[in-house]
Amino acid sequence: MSPARHVHVSPGAAHLTPEVLRLLDVWLPEQRWYPVPTEGVAHEPWLTVTFPGVADVVVALLRLHGPGLATGDESLVIQVPLVLTPTAEPTADTADTEAAGLIGTVATASGTVTVHDGGAHPAAWHAYLATALPDAGGPEVCDKLAGARRISGEQSNTSVMLPAMNHGTGRGGMLKILRTVALGPHPDVVIPAALTKAAWAGVPRFLGAVELPAPDAVADPREPRDVPPRTEDPSWGKTGGPLAHLAVLSELVADATDGFELACAYAERDEDFGERAAELGAAVAHLHAVLRQALGPGPALEPAGFMGVLRRRAAEAFADVPDLAPQRAGVSALFDAVSTRLAAVAERTGGMVPLQPIHGDLHLGQALHAPGGWKILDFEGEPQRPVAERVAPDLPLRDVAGMLRSLDYAAAVGRATDPHWVSHAQVSFLEGYRQASGETHGGPVHAVAGAATSGSELDVATAELLLRALVVDKALYEVVYEFRHRPAWMHIPLTAVERVLSS
Ligand SMILES: Nc1ncnc2c1ncn2[C@@H]1O[C@H](COP(=O)(O)OP(=O)(O)O)[C@@H](O)[C@H]1O
Ligand SMILES: O=P(O)(O)O[C@H]1O[C@H](CO)[C@@H](O[C@H]2O[C@H](CO)[C@@H](O)[C@H](O)[C@H]2O)[C@H](O)[C@H]1O
């Protein structure tokens, strides 16, 4: 085994000239993964990461400041890997380079430099891969890159498929460069690592990660530091854990179909999605059980705090999207009803509703349907939520609500004409969840609400009302997401909010 690779960390904009930074100011807001829709955001260089022996790859970690952004919000650090190559002269010729991610050329004091997006460039993939896989040597990594390609689409991060990568238990890898850098261990590393360690087959096997050094290692900004990657068994809140994770490497799931595309295709044909949905429900129930076991249960739900977060999220959605205004009173009434019931349960029982690690942003696009069954992906939580909220233990019922919403999206996008397509898929999902979690009584919704709050003192009627509140919470989040990214789809969650409130 060759020695672990290190990353170098320097403060500020080391290795980056003002000209390159100005180029980024224009390019960044055009990227799909850029996390804020507002204009006039400043990109302040925070740290710069380089890889030993790799001259042309520089990773800029930029803190965002500006209208609508809280100062010092650690969730708003973005990762911008760049490949910088000296060139003879500036050129406007971009013929090659859509694929390799040409950003531009700039004249600097030391000559002309061509700047590529490292997310799309093999030199940067090579550097990440060699760091994430401590036992990979240099030339060997080149072989692993054969046939590599960045996947396109509506992604919050940048993922690179590595079909030729051999990793002992199989072939093929997926390198995910995390575009929004969160302080502390990243859930998209911690959770797949824990599930892989627990030998759960419902997640692509975790293979490694690239991390920034522990906080004390970068506290002194005068010197660049070499820090070995630590990729084994990262755990929640471990003291001395990494400052942040930058990338995660997992096994490539072969012959897989994206769950959303699959469901939309069924909806288009009005074909019964019940069996697939039930299998998915079972996979989600297993996920919750394994997470509970592998990472341990969380604290009990604190009703006032929990409802306070739902109300704040709703208020933010109402402030962002004027079309939501007619739903304000209905949302408020629903949340009031849930609050009253939760308070009554707390008074009656001492208030035991246990929280636990969950997926946090579960939808069909986070599930791959593969020959061996469903695989669940992408544990970073809702990208638009603050990091502290995303990693906090939560109710499994939130993931159930996410999948119910997603089946509704599939029916809308696939234009199912059978009015029962979506309700059948949803009930089948709930039924699959119920059976896999061993719940034996009640109708599907009640029973699932009960199963997904299992071990708690909640009565099923309260659990069912809570599920409705979480469905509304998710749909409000989606309205904001669509408003920002895909206005043509905003009617899908907007209609759902109206429907749930009037039911
Ligand atoms: N291990 C994997 N094997 C095969 N495909 C994957 C794997 N991980 C992700 N994908 C594909 O890449 C897409 C994006 O991955 P995801 O982790 O959801 O990234 P993002 O956070 O950018 O949305 C997924 O929807 C899936 O189609
Ligand atoms: O996958 P991401 O972590 O980037 O999640 C974000 O983008 C999703 C869309 O790509 C978005 O999901 C919403 O649209 C889906 C259909 O494209 C639908 O299946 C989901 O139910 C719906 O929430 C997700 O909300 C957002 O966080």
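Reading the values: rules and limits
- Here, residues in each chain are numbered from 1, in the same order as that chain's written sequence.
- Following the order in which they are written, the chains are lettered starting with A and the ligands numbered starting with 1.
- Confidence filtering applies because this is a predicted model: local features only for residues at pLDDT of at least 70, side-chain atom pairs given and counted only at 80 or more, and all residues used for totals across whole chains, interfaces and linings.
- As a convention, hydrogens and water are excluded, and side-chain values are obtained from all of the structure's heavy atoms.
- Between any two strands, pairing holds if DSSP finds at least two bridges.
- Numbering goes from the N terminus for both helices and strands, where a helix is a DSSP run of H or I of at least four residues and a strand is a run of E of at least two.
- Contacts are assigned to residue pairs with any non-hydrogen atoms lying within 4.5 Å of each other.
- Axes here refer to lines fitted to C-alpha atoms; in helices the fit is confined to the stretch in contact. Angles between the N-to-C directions go from 0 to 180 degrees.
- Relative accessibility decides the category of a residue: with a 1.4 Å probe and only protein chains considered, values under 20% of the type maximum give buried, values over 50% give exposed, and everything between is partly exposed.
- This arc corresponds to the set of directions leading from the helix axis out to the C-beta atoms.
- For this description, a residue counts as near a given molecule or strand if any of its non-hydrogen atoms is within 4 Å of it.
- Contacts described as polar in this section are N or O atom pairs within 3.5 Å, which, within protein, must combine one atom able to donate a hydrogen with one able to accept it, while residues neighboring in sequence count only if both atoms come from side chains.
- All accessibility values rest on the Shrake-Rupley procedure with a 1.4 Å probe; residue burial counts only the protein chains present in the view.
- By the convention adopted, Pro, Cys, Tyr, Trp, Phe, Met, Ile, Leu, Val and Ala count as nonpolar, Lys, Arg, Asp and Glu as charged, and the other residues, Gly among them, as polar.
- A domain assignment, automatic or from a database, supplies the domain bounds used here.
- Among the buried residues, those of types Ala, Val, Leu, Ile, Met, Phe, Trp, Tyr and Cys that are joined through side-chain atoms within 4.5 Å form a nonpolar core.
- Aromatic rings from Phe, Tyr and Trp, taking only the six-membered ring of Trp, are treated as a pair when their centres fall within 6.5 Å; an angle between ring planes under 30 degrees marks them as stacked, one over 60 as edge-to-face, and anything in between as tilted.
- For salt bridges, the criterion is a side-chain nitrogen of Lys or Arg within 4 Å of an Asp or Glu carboxyl oxygen.
- Predictor confidence is given residue by residue as pLDDT, running from a minimum of 0 to a maximum of 100.

A.B. asks: So what about the sheet that holds strand E13 (residues 244-251)? Which residues, and what values?
C.D. replies: Reading across the sheet, the five strands line up as E7-E8-E9-E13-E11 and stay open at both edges, with antiparallel pairing between neighbours. With partners counted over all chains shown, the strands left at the sheet margins are strand E7 (149-150) and strand E11 (206-212), one partner each. Strands E7, strand E8 (158-166), strand E9 (171-177), E11 and E13 of the sheet are contacted by helix H2 (residues 122-132), whose axis makes an angle of about 105° with E11. Across the sheet, helix H4 (residues 187-197) is in contact with E9, E11 and E13; its angle to E11 comes to roughly 150°.

A.B. asks: Pulling in residues and values, what's your account of helix H1 (residues 18-27)?
C.D. replies: Along H1, the residues that are buried comprise Val 20, Leu 21, Leu 23, Leu 24 and Trp 27. Seen from one end, H1 has its buried residues packed into an arc of 155°, which puts them on one side. Away from the buried face of H1 by more than 90 degrees, exposed residues Pro 18, Arg 22 and Val 26 are located. Here the buried face of H1 lies against strand E2 (42-50), strand E3 (57-65), strand E4 (77-87), strand E5 (102-108) and strand E6 (111-117).

A.B. asks: An account of the environment of His 424 is requested, with residue identities and associated values reported.
C.D. replies: Here His 424 lies in helix H12 (residues 421-436). The exposure class assigned to His 424 is partly exposed, which follows from its relative accessible area of 37%. Sequence spacing of His 424 and Gly 274 is 150 residues, and the spatial spacing of their C-alpha atoms is 6.4 Å.

A.B. asks: How would you explain the sheet that holds strand E16 (residues 373-376) if you had to name every residue and give the values?
C.D. replies: With antiparallel pairing, the three strands of this open sheet are ordered in space as E14-E15-E16. Of all strands in the sheet, those bounded by a partner on one side alone are strand E14 (257-258) and E16. Inspection of the sheet shows E14 paired to strand E15 (residues 367-370) by two bridges, in the antiparallel sense. Along E15, the bridge assignment pairs Thr 257 with His 369.

A.B. asks: For the site of ligand 1, give the residues involved together with the corresponding values.
C.D. replies: Taken together, the neighbourhood of ligand 1 is formed by 18 residues, with Ile 151, Asn 157, Lys 176, Glu 251 and Val 253 sitting nearest. One of the backbone nitrogen or oxygen atoms of Gly 365 is found 3.2 Å away from an oxygen atom of ligand 1. Alone, ligand 1 offers 550 Å² of accessible surface; in the complex the protein occludes 89% of this. For the shell around ligand 1, the elements supplying multiple residues, two or more each, are E9 and E13. For the shell around ligand 1, the class distribution of residues is seven nonpolar, six polar and five charged. Structurally, the shell around ligand 1 is a two-domain feature, drawing no fewer than three residues from each of domain 1 (7-220 + 228-251) and domain 2 (257-502).

A.B. asks: Explain the nonpolar core residue by residue, including any values.
C.D. replies: Of all hydrophobic cores here, the largest spans 77 residues; its most connected members are Leu 195, Phe 273, Leu 395, Trp 421 and Phe 429. If you tally residues by element for this core, the top one is helix H14 (residues 460-485), at 12 residues. When residues are assigned to domains, this core turns out to be shared by domain 1 (7-220 + 228-251) and domain 2 (257-502), each giving three or more. Setting aside residues no more than four positions away along its own chain, Phe 273 makes contact with Leu 262, Ala 263, Tyr 266, Trp 374, Leu 407, Trp 421 and Ala 425. Counting residues in hydrophobic clusters, the runner-up holds 34 residues, among them Val 77, Met 165, Ile 177 and Leu 243.

A.B. asks: Explain the environment of Ser 10 residue by residue, including any values.
C.D. replies: Mapped onto the secondary structure, Ser 10 falls in strand E1 (residues 7-11). Residues Ser 10 and Thr 50, spaced 40 residues apart in sequence, show a C-alpha to C-alpha distance of 8.3 Å.

A.B. asks: Summarise the packing of aromatic side chains; cite the residues concerned and give the values.
C.D. replies: Two measures describe an aromatic ring pair: the distance that separates the ring centres and the angle between the ring planes. In total, this model carries five aromatic pairs according to the counting rule given. Ring centres of Tyr 266 and Phe 273 lie 5.0 Å apart, and the angle between their planes is 75°; this geometry places the pair in the edge-to-face category. Taking the centre distance of 5.9 Å and the plane angle of 25° together, the rings of Phe 273 and Trp 421 count as stacked. Residue Phe 273 is located in the loop between helix H6 (259-268) and helix H7 (274-295), and its partner Trp 421 is located in helix H12; the two are separated by 148 residues in the primary sequence. Ring pairing ties together the aromatic residues Tyr 266, Phe 273 and Trp 421, which thus form one cluster.

A.B. asks: With reference to specific residues and values, describe the environment of Trp 421.
C.D. replies: Classification of Trp 421 by relative accessible area gives buried; the value is 3%. The spacing of Trp 421 and Asp 270 is 151 residues in sequence and 6.7 Å in space, taken between C-alpha atoms. Residue contacts for Trp 421: discarding those within four places in its chain leaves Ala 263, Tyr 266, Ala 267, Asp 270, Glu 271, Phe 273, Leu 407, Ala 410, Ala 411 and Ala 416.

A.B. asks: Break down the pattern of salt bridges for me, with residues and values.
C.D. replies: All told, the structure shown has 19 salt bridges when counted by the stated rule. A salt bridge links Glu 279 to Arg 276; its shortest N-O distance comes to 3.3 Å. Of this pair, Glu 279 and Arg 276 are both found in helix H7, three residues apart, which corresponds to roughly one turn of the helix. Linking Asp 408 and Arg 499 is a salt bridge whose minimum nitrogen-to-oxygen distance equals 3.1 Å. With Asp 408 in helix H11 (residues 396-413) and Arg 499 in helix H15 (residues 491-502), this residue pair connects regions lying 91 residues apart in the sequence.

A.B. asks: Which residues make up the pairing of E6, and what are the values?
C.D. replies: Within E6, six of the seven residues are buried, which leaves the element mostly enclosed by the surrounding structure. Inspection of the sheet shows E5 paired to E6 by six bridges, in the antiparallel sense. Counted as the bridge partner of Thr 105 is Thr 114 from E6.

A.B. asks: Can you tell me about the site of ligand 2, naming the residues and giving the values?
C.D. replies: Taken together, 15 residues sit near ligand 2, with Ser 156, Ser 406, Tyr 477, Glu 478 and Arg 486 positioned nearest. Tyr 477 places a side-chain nitrogen or oxygen 2.7 Å from an oxygen atom of ligand 2. Here ligand 2, which alone exposes 540 Å², has 94% of that area covered by the protein. Among the elements of the structure, H11 and H14 are those that each provide at least two residues to the shell around ligand 2. Ranked by residue count, the leading element in the shell around ligand 2 is H14, at three residues. Of the residues in the shell around ligand 2, the class split is six nonpolar, four polar and five charged.

A.B. asks: Could you give me a rundown of the confidence of the model for the chain, with the residues and numbers involved?
C.D. replies: Residues at a pLDDT of 70 or more form 82% of the chain, whose mean pLDDT is 85. Ranking the helices and strands of the chain by mean pLDDT puts H6 first, with 98, and strand E12 (residues 225-227) last, with 44. Note on residues 92-97: pLDDT is under 50 here. Beyond four places in sequence and across chains, it has four contacts. Scoring of the predicted complex yields 0.86 for pTM and 0.96 for ipTM.

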